Amino acid sequence: RAQIRASSPRYGALTQPQPLNLAEIQQEALDPDTILLEYSLGENASYLFVVSHTSITSYQLPKRAEIEAATQRVRELLTAPQSRLGETAVERQARIKEARAGYWPQAAALSQMLLGPAASQLGAKRLLIVADGALQYLPFGALPAPEVEKDRDKETGGQGDKGTGKIRNHPQARAAIRNPLIVEHEIVHLPSASALAVLRRELSGRQPAPKAVAVLADPVFSADDSRVKPGAKAQAGVEAPSDLTRAISDTRGELRRLLMTRDEAETILSATPRNGGFAALDFRASRATATGGELSNYRIVHFATHGLLNSEHPELSGLVLSLVDEQGRPQDGFLRMHEIFNLRLPAELVVLSACETGLGKKLDGEGLVGLTRGFMYAGAARVVASLWRVDDAATAELMKYFYTNMLKKGMRPAAALREAQNTLRQNPQWSSPHYWAGFTLQGEFKDQ
């Protein structure tokens, strides 16, 4: 670590930041409208530290195994609409119905476990969340707002579920009447409070890039794709790079074409000021485009493609871009994590959309943290990333609202994402958290 700090101080500062003390965190990261929730999961007990700009409080939580088991269960319910191999349509619909019935009670229990002790401190403030382990794959905004303990006692009249309070105080009933956390709170995730301070120092005085939005979307993954020129089909059966093959195998993923990402790209560019957008679609959505210098001219860089997040082997995490050229010839389209760290991408925002195809066997967060930190080290002020294989159509709709909020209404990215998610969840077609809660924002939450 000492050698890393000496040879690459910026990398060392972001990935292994020197911890700030309490006063520095309160002064450099917080304001009166913002509180920090930092989790530390342990074998025998876990802890939640709640830091405001004037105080700090700590709470003991259940042990890591209990928290991660509850988190895994909630995540399984959230991702139930995803198709599974060998499953019939009837089986899938039955599983989705069961998941929707079970989600809110399970999510309410998890919310009470993680946030209940601090419920009285949350108010309507912005929440900066530094998660640990599997919690890094949890969309806190989709959890029901926690109940304050004294309010729960008041509702039951000190008599549990007796009398007229029985229905109201059933866990499922209470979960159903409580809004998701995102209704009252802007939520921002951070690798650490110290990393935010480092990021702000890096961004201090930096001039914004001259152009608005660059979009890389709808890459070509196979020589069998209809976009490959006729007569080039003999190249079918292209071999992917060995590390990409291993990454796909380890995460049990598949590289299907994401048809709606083209509509998503067109929707984003339609909200972009004239001559302020750059579209890299089809074969142009390539590793060469991503690593070239063109993207450094844009304030927002949007990737709409598959990503691989590998918790057990974070070095196998990355983004998958076009794997063949127009003739169907193979090319390296795997943008690996270490290559992301080496990009020069001084963007205000990087969006990783519709990108996650699978997870490793263990949810410890390293793949996701690695990708977001990689883009921050490359120069991004903030990163929006997906936590699961999000629905193509729902994502296109969400991104329409998100970019309209930013580019036409002038909203900050964190506020724009929250507003977009709240708008989408009010549409009956997309009301399930699976469709609107999959994206989280990490990094700077203020304007620069």
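Notes on the structure follow.

Thresholds, definitions, all that
- Residues numbered from 1 in each chain as written.
- Predicted model: local features only at pLDDT ≥ 70, side-chain atom pairs only at ≥ 80, totals over all residues.
- Heavy atoms only, no water.
- Helix = DSSP H or I, 4+ residues; strand = E, 2+ residues; numbered from the N terminus.
- Buried < 20%, exposed > 50% of the residue type's maximum accessible area, 1.4 Å probe, protein only.
- Contact = heavy atoms within 4.5 Å.
- Areas by Shrake-Rupley, 256 points an atom, 1.4 Å probe, with all protein chains shown as cover.
- Phe/Tyr/Trp six-rings, centres within 6.5 Å; stacked < 30°, edge-to-face > 60°.
- Core = buried A, V, L, I, M, F, W, Y, C linked by side-chain atoms within 4.5 Å.
- Expected span 1.5 Å × (residues − 1).
- Pairing = 2+ DSSP bridges.

### Some details on the overall build of the chain
Piece 1. Helix and strand content of the chain: 17 helices and 14 strands.
Piece 2. Here the chain, with 448 residues, has 55% of them falling under the buried criterion.
Piece 3. Across the chain, the fraction of contacts at a sequence separation of at least 24, relative to all contacts at a separation of at least 6, is 77%.
Piece 4. Carbon and sulfur atoms form 48% of the exposed surface of the chain, whose accessible area is close to 19,500 Å².

### Side note on the packing of aromatic side chains
Piece 1. Taken as a whole, this structure holds 7 aromatic pairs when the rule is applied.
Piece 2. On the basis of an interplanar angle of 75° and a centroid distance of 4.9 Å, the ring pair of Y103 and W104 is categorised as edge-to-face.
Piece 3. Look at W104 and you get partly exposed, because its relative accessible area is 24%.
Piece 4. Ring centres of F303 and F375 lie 5.7 Å apart, and the angle between their planes is 45°; this geometry places the pair in the tilted category. Separated by 72 residues along the polypeptide, F303 in strand β8 (residues 298-304) and F375 in helix α14 (residues 366-378) bring together distant segments of the chain. Note on accessibility: F303 and F375 belong to one class, buried.

### With respect to the nonpolar core
Piece 1. Core analysis: the largest hydrophobic core is formed by 79 residues, its most contacted members being L37, Y39, L114, F140, F402 and Y403.
Piece 2. Here this core gets 7 residues from one element, more than from any other, and that element is helix α5 (residues 89-115).

### A few points about helix α4 (residues 64-78)
Piece 1. For α4, which comprises 15 residues, the first-to-last C-alpha distance of 21 Å matches the rise-based estimate of 21 Å (1.5 Å per residue) to within 8%.
Piece 2. Buried positions along α4 lie against β2 (46-51), β3 (56-61), α5 and α17 (433-436).

### A few points about the pairing of strand β14 (residues 439-443)
Piece 1. Burial runs high along β14: 5 of the 5 residues are buried.
Piece 2. In this sheet, β14 lies alongside strand β13 (residues 382-386) in antiparallel orientation, the contact comprising 5 bridges. Bridge assignment links V384 to a residue of β14, and that residue is L441.

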